[in-house]
Amino acid sequence: MRRLGAHWLLLLLLAVAVPVLGATQHEVEEALTCQCGCGLTVHSCNHLNCGSGEPMKKEIAERLARGESKDIILAAFSSKYGEKVLSSPTFSGFNWFAWVTPFAAVLIGASILTLAIRRKVRAPASAPVAPSVTPTGDTERRERLRRELDDDDRE
């Protein structure tokens, strides 16, 4: 039982300690877009000896070694290259629109599709209805046909 308590205490300490640790090189590189034109993050850029990605990686490593936080590093790169260097848009200014638009489009599309399906399911069938033949109508027709045939036979 003591071991179980010690394990839980260790897990709790680790859970508290992880956010205290600084950002890793990988996290910062993934938050920045390489400026060579590949469209990938600095970490994912697959150009050998990339003229943009390699200096950025070096600068990130230097800044992390000085103890700068991820937010400070991202702000420095953003002021140097503009907001386009960030791999995801910020929530400030008009950029919130970039975050909201895809979700709104899916929600609106799903709503329209749901309404269309409901209307289609609830709508009565518009197929033409065949006239029903009543036994009396059938008998009347047979009688009329018999009379006409009899009349034809007499002539």
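Note: the structure precedes this text.
This structure is a prediction, so every number in the text was calculated from the model and none was measured.

Visitor: Outline the overall build of the protein chain, listing residues and values.
Guide: When helices and strands are tallied, the protein chain shows six helices and zero strands. Walking the protein chain from its N terminus toward its C terminus, one meets helices and strands in the order α-α-α-α-α-α. Scored against the burial criterion, the 155 residues of the protein chain give a buried share of 15%.

Visitor: Please set out the pattern of salt bridges residue by residue, giving values where relevant.
Guide: On inspection of all chains with the given rule, the structure shows eight salt bridges. A salt bridge links E68 to R66, with the nearest nitrogen and oxygen atoms 3.4 Å apart. Put simply, E59, R63, R66, E68 and K80 are held in one network by salt bridges that share partners.

Visitor: Outline a nonpolar patch on the surface, supporting the account with residue identities and numerical values.
Guide: Nonpolar side chains collect at one region of the surface, where F91, F94, W96, F97, W99 and V100 lie side by side and expose about 670 Å² of accessible area between them. Considering the arrangement of structural elements, one finds V100 in helix α5 (residues 96-122). The partly exposed category is assigned to V100, whose relative accessible area is 40%.

Visitor: Go over the side chain of E68 with me, naming the residues and quoting the values.
Guide: Tracing the sequence through the fold places E68 in the loop between α3 (53-65) and α4 (70-81). At a separation of 2.8 Å, a polar atom in the side chain of E68 contacts the side chain of R63. Only 3.4 Å separates the side chain of E68 from the side chain of R66, close enough to count as a polar contact. Filtering out sequence-adjacent residues up to four positions away, E68 remains in contact with R63 and I73.

Visitor: So what about the environment of K58? Which residues, and what values?
Guide: Mapped onto the secondary structure, K58 falls in helix α3. Along the sequence, K58 and Q25 sit 33 residues apart, while their C-alpha atoms lie 9.8 Å from each other.

Visitor: A description of the packing of α3 against α4 should follow, citing residues and the corresponding values.
Guide: Viewed as axis vectors pointing N to C, α3 and α4 meet at an angle of 140°, and their least axial separation amounts to 11 Å. Compared by their axis directions, α3 and α4 come out oblique. Two packed elements cross with a definite hand, and for α3 against α4 that hand is right-handed. Residues M56, E59, I60, R63 and L64 of α3 form the contact with α4, whose participating residues are I73, A76, F77, K80 and Y81. In the contact of α3 with α4, the residues fall into seven nonpolar, no polar and three charged.

Conventions and cut-offs
Residues numbered from 1 in each chain as written. Predicted model: local features only at pLDDT ≥ 70, side-chain atom pairs only at ≥ 80, totals over all residues. Heavy atoms only, no water. Helix = DSSP H or I, 4+ residues; strand = E, 2+ residues; numbered from the N terminus. Buried < 20%, exposed > 50% of the residue type's maximum accessible area, 1.4 Å probe, protein only. Salt bridge = Lys/Arg side-chain N within 4 Å of Asp/Glu carboxyl O. Patch = residues over 30% accessible without salt bridge, like charges linked within 9 Å, V, L, I, M, F, W, Y side chains within 5 Å. Areas by Shrake-Rupley, 256 points an atom, 1.4 Å probe, with all protein chains shown as cover. Polar contact = N/O pair within 3.5 Å; in protein donor to acceptor, adjacent residues only side chain to side chain. Contact = heavy atoms within 4.5 Å. Axes fitted to C-alpha atoms, helices over the stretch in contact; angles between N-to-C directions. Parallel < 35°, antiparallel > 145°, perpendicular 65-115°, else oblique. Left-handed = near helix turned anticlockwise from the far one by under 90°. Nonpolar A, V, L, I, M, F, W, Y, C, P; charged D, E, K, R; others polar.

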